[in-house]
Amino acid sequence: MHLASTFARADMDLNAVREVSLTINATHLFVYFIPEAPEEAAQLGVTEYGPAYFAFRSAPMGAVPWQVALAAFYNFSPRSVQAMAGVWDTATPQQWQAARFAAVDRALQRVDVSLTADQITEARSLIDPVVASADYAGKTMAAANASVPLPADPLVALWQQITVVREWRGDAHFTVLAANDLGPCDCNVLQTATGHFPEAIARATRLWDDEEVAAATTRLVARGWLNADGTAADAGIAAREQIEVETDEHCAALWTPIGDAAVRRLTSLIKPIHDAFTAARTYPFRVETGDTQSAADPEAAG
């Protein structure tokens, strides 16, 4: 099944859609790797990475039980998400959201992002109509983030709008994965086998155990997507790319309010945010953007 066929096709250049999507993700991504985030979490009484991660990212949904976060995040194992149980007893979702913004603000100042006030205003003039006109049906994480009041700082507010769009594509991606019968553990295994997700990070954060990974590998071998030794087969590489294309097709309508030229302009405007964090050695791997082809993206599958 090709999910995109169930949606009206938007008249957008899919190359522009892919480029802005990669850059949006890369620009959002630093929040998971900056030292300021665990520092802010510690102020709320949580010192372990896993519970803090899920609290920060789930906060826009309110004080949901861990099972709701598991459903919204798709590719994490139940045992990994269950670690967040109790985080709303240490602080409210509103406090977690404020702490996330504080961490982002501190980090942006530390790396000294080279965006002028005029560039921030221009970027907002492009992304705001996208957020305002998006269809949020079935887009749980995007809708939750769109409901968050924007912070006063202009650059942090731009980052939050970027987060809404980033989560929108993630929500769409999960729908495409499910339509292609690629389950939560299976998509992790395919992502690591095709070189788009470091296996060590996948195992440490998603917490699928050896038995579950072996079962997912067996299923992917049966589909012809992996070789018997667990390496990616040509069919698996092609299948992964087709899933990304279907996600692009789903996302094309998201960008129609501003069109191809404005999408490319937004891509160029926000890229210095990612560049500043890359220069500050934020990431233990190379992050894929619109102008790179070989990289690992730990959030592309989740």
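Our structure is the block above this text.
Residues numbered from 1 in each chain as written. Predicted model: local features only at pLDDT ≥ 70, side-chain atom pairs only at ≥ 80, totals over all residues. Heavy atoms only, no water.

### Looking at helix α1 (residues 14-28)
Counted only if it meets this: By definition, any uninterrupted DSSP run of H or I lasting at least four residues is a helix, any uninterrupted run of E lasting at least two residues is a strand, and each is numbered from the N terminus. The span you would expect from a helix comes to 1.5 Å times its residue count less one. Think of it in three bands: with a 1.4 Å probe and only protein chains considered, a residue is buried below 20% of the maximum accessible area for its type, exposed above 50%, and partly exposed in between. Residues are treated as being in contact if the distance between any of their heavy atoms lies within 4.5 Å. Here a polar contact is taken to be a pair of N or O atoms separated by no more than 3.5 Å, where protein atoms must pair a possible hydrogen donor with a possible acceptor and residues adjacent in sequence count only if both atoms sit in side chains.
Under the 1.5 Å per step criterion, the end-to-end length of α1 is 21 Å for 15 residues, consistent within 8% with the ideal 21 Å. With 11 of its 15 residues buried, α1 lies for the most part within the structure. Along α1, the positions that sit buried rather than exposed are A16, V17, V20, S21, L22, T23, I24, N25, A26, T27 and H28. Residues of α1 that are buried make contact with α7 (93-111), α8 (117-133), α10 (154-179), α14 (234-255) and α15 (259-279). Looking at where α1 begins, the residue whose side-chain oxygen comes 2.8 Å from the main-chain nitrogen of N15 is D13.

### Overview of the environment of L150
With respect to the helices and strands, L150 occurs in the loop between α9 (140-146) and α10. Along the chain, L150 and D186 lie 36 residues apart, while their C-alpha atoms are 36 Å from each other. Among residues more than four places away in sequence, those in contact with L150 are R124, A157, Q160 and Q161.

### Observations regarding the packing of α8 against α15
Just so we agree on the cut-off: Only the contacting stretch of a helix is used when fitting its axis, a line to C-alpha atoms as for every element, and angles between N-to-C directions run 0 to 180 degrees. The labels follow the angle: roughly parallel below 35 degrees, roughly antiparallel above 145, roughly perpendicular from 65 to 115, and oblique for the rest. Take the far helix as your reference; a near helix turned counterclockwise from it by less than a right angle gives a left-handed crossing, and one turned clockwise gives a right-handed crossing.
As a packed pair, α8 and α15 sit with axes 10 Å apart at the nearest point and diverge in direction by 140°. As judged from the angle between their axes, α8 and α15 are oblique. Here the hand of the crossing between α8 and α15 comes out left-handed. Of the residues in α15, those touching α8 at Q119, E122, A123, L126 and I127 are A262, R265, L266, L269 and I270.

### Some remarks on the packing of aromatic side chains
In this description, a pair of aromatic rings is defined by centroid distance and the angle of the planes. What counts, and what does not: Two aromatic rings from Phe, Tyr or Trp, using only the six-membered ring of Trp, form a pair when their centres are within 6.5 Å; if the ring planes differ by under 30 degrees the pair is stacked, by over 60 it is edge-to-face, and anything between is tilted. Remark: a charge is flagged as sitting over a ring if the NZ atom of Lys or the CZ atom of Arg is within 6 Å of the ring centre and within 35 degrees of the ring normal.
In total, this model carries 13 aromatic pairs according to the counting rule given. Between the aromatic rings of F30 and F277, the centroid separation amounts to 3.9 Å while the plane-to-plane angle is 5°, which identifies the pairing as stacked. One end of the pair, F30, is in the loop between α1 and α2 (36-43); the other, F277, is in helix α15, and 247 residues separate them in sequence. Residue F30 shares its accessibility class with F277, and that shared class is buried. Chaining the aromatic ring pairs together yields one cluster made of Y32, Y49, Y53, F54, F73 and F76. Looking at K139, its charged tip hangs above the ring of W168, at a distance of 4.5 Å from the centre. In this structure, R223 is placed above the aromatic ring of W225, and the distance from its NZ or CZ to the ring centre is 4.0 Å.

### Focus: the nonpolar core
Going by this rule: Residues belong to a common nonpolar core when they are buried Ala, Val, Leu, Ile, Met, Phe, Trp, Tyr or Cys residues joined through side-chain atoms within 4.5 Å.
One finds F30, W96, W255, I273 and F277 to be the most contacted residues of the largest nonpolar core, which totals 79 residues. Here this core takes nine residues from α10, the largest share from any one element. When residues no more than four places from it in sequence are discounted, the contact partners of F277 are F30, I34, A107, L108, V111, V113, T282 and Y283. Core analysis: the next-biggest nonpolar cluster, separate from the first, contains 17 residues, Y74, W208, L220 and A239 among them.

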